[in-house]
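Now for the letters of each chain:
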Amino acid sequence: MSLPVVTSGDNEVYEDPLDLMDEIDELKKEKDASILAHFYVDGEIQDIADYSGDSLKLARDATRVKTSTIVFAGVHFMGESAKIMNPEKRVLIPDMLAGCSLADSCPADQLAAFQEQLRSDGRDFETVAYINTTAAVKSLCDWIVTSGNAQEIIGRVPAGKEILFVPDQHLGRYLMEVTGRKMILWPGSCMVHEVFSIQDLIRAKRNNAGSKVIAHPECPQNILELTDFIGGTEKMRQHVMAVKEPTTFLVATESAMIHAFEKSAPQHKFVPIAGIMTSTGETCACNRCPHMARNTLQKVRDCLKNESPEVEWKDYFQQARAVLDKSLLK
Ligand code: 13P
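Calculation rules
- Residues numbered from 1 in each chain as written.
- Predicted model: local features only at pLDDT ≥ 70, side-chain atom pairs only at ≥ 80, totals over all residues.
- Near = placed C-beta within 6 Å.
- Nonpolar A, V, L, I, M, F, W, Y, C, P; charged D, E, K, R; others polar.
- Domains from an automatic or database assignment.
- Contact = placed C-beta atoms within 7 Å.
- Helix = DSSP H or I, 4+ residues; strand = E, 2+ residues; numbered from the N terminus.
- Buried ≥ 20, exposed ≤ 12 C-beta atoms within 10 Å, placed from the backbone.
- Pairing = 2+ DSSP bridges.
- Right-handed = clockwise from strand over helix to strand, strands pointing away.

Caption draft 1: Here's a closer look at the site of the ligand. In the neighbourhood of the ligand, the contacting residues comprise Y40, D54, S55, L56, N132, T146, S147, G148, E218, G232 and T233. In the shell around the ligand, the residues fall into two nonpolar, seven polar and two charged.

Written as structure tokens, this is what we have:
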């Protein structure tokens, strides 16, 4: 069986990571820049970042950065949100092609048409969007949530209103369960969390007696039903830190997350759960997000050096800004 290899999609020439890190340090000073890195990018990028964390923390960190430039090592919607919340700053992203399957699953024109249909059917609803959406989609929504604040924000939607939740059907289903609110769910999903293999999880549990399963709520219900702790990336990190007894954790999320777990809670062992290739049924290395994997030390260096690619301000960012600010900062 041949395993697909996750690459950045480009043919980078090998350069010594330590030299790259030194160069990045120099460029940060020269360009007055700070680096923000999501838990899903390579550990070496998290290690050189000024801020690392989950989507919620990084969105908030972006508003506290003192430098005039932000380099956002993550995926496109994260850099875009940082720009929306900080119009006066220059926001660079190492690779413009680092997208998000969830954001792709909900095009703004299709959402607008569906909202119009619901309104003409007389439905009284508010739209809650996961932050994994484009700015154009955010500008059509009432609230933005991350896995870290979703329950709290859903509590702010007036009880008499229906909720249209976009675009992650699995996160939406989980939120219906924990909040008791009924929702209309958009049929999107994350390409990484969607493919965790239930067989592999059961086998891993059998092979690791006494292990505990931790999973991101973007996972489908069949995985969450076998999970001991469900939470976004930061909540999972807090959970493993709080467990003092050395434990084996089976991890159902993007496997780069294990870097942050090992740094924060070195007393434990972390075992990644493999994904499944739906076309063949074979397991694969698809617990790495190919978009997050586009971030490399070389591209971080290059975007600092070239001051590009940059997220450009667009008119509709203004409306998205109001929704992001009230949802994430207030
Ligand atoms: P959190 O960092 O909010 O858990 O979300 C992970 C994610 O979906 C990144 O795309």
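Next comes the rest of the account.
Caption draft 2: Summary view of the domain arrangement of the protein chain. Taken as a whole, the protein chain is organised into domain 1 (17–99 + 292–306), domain 2 (103–189) and domain 3 (193–284). Relative placement of domain 1 and domain 3: their C-alpha centres are 26 Å apart. Each partner contributes residues to the interface: domain 1 has ten residues there, and domain 3 has eight residues. Partitioned by chemical class, the residues of the side of domain 1 that touches domain 3 number four nonpolar, three polar and three charged.

Caption draft 3: Seen up close, unusual backbone geometry. Omega for the peptide link from V166 to P167 comes to -10 degrees, which places this bond in the cis form. Between S308 and P309 the backbone carries a cis peptide bond, its omega angle lying at 0 degrees. Tracing the backbone shows P309 in the loop between α14 (297–306) and α15 (317–329). Here the phi dihedral of D32 falls at roughly 55 degrees; this positive angle occurs in a residue that is not glycine. Since 11 C-beta atoms lie within 10 Å of it, D32 is described here as exposed.

Caption draft 4: Quick look at the pairing of strand β3 (residues 69–73). Counting buried positions over the five residues of β3 gives four, a clear majority of the element. Taken together, the five bridges between strand β1 (residues 33–38) and β3 define a ladder with parallel strand orientation. Its bridge partner lying in β3, S34 is registered against I70. Of the pairings in the sheet, the one linking β3 to strand β4 (residues 90–92) comprises three bridges and is parallel in character. Within β4, the residue paired with T69 across the bridge is R90. Since β3 and β4 lie parallel, the crossover through helix α4 (residues 76–85) that links them has a hand, and here it is right-handed.

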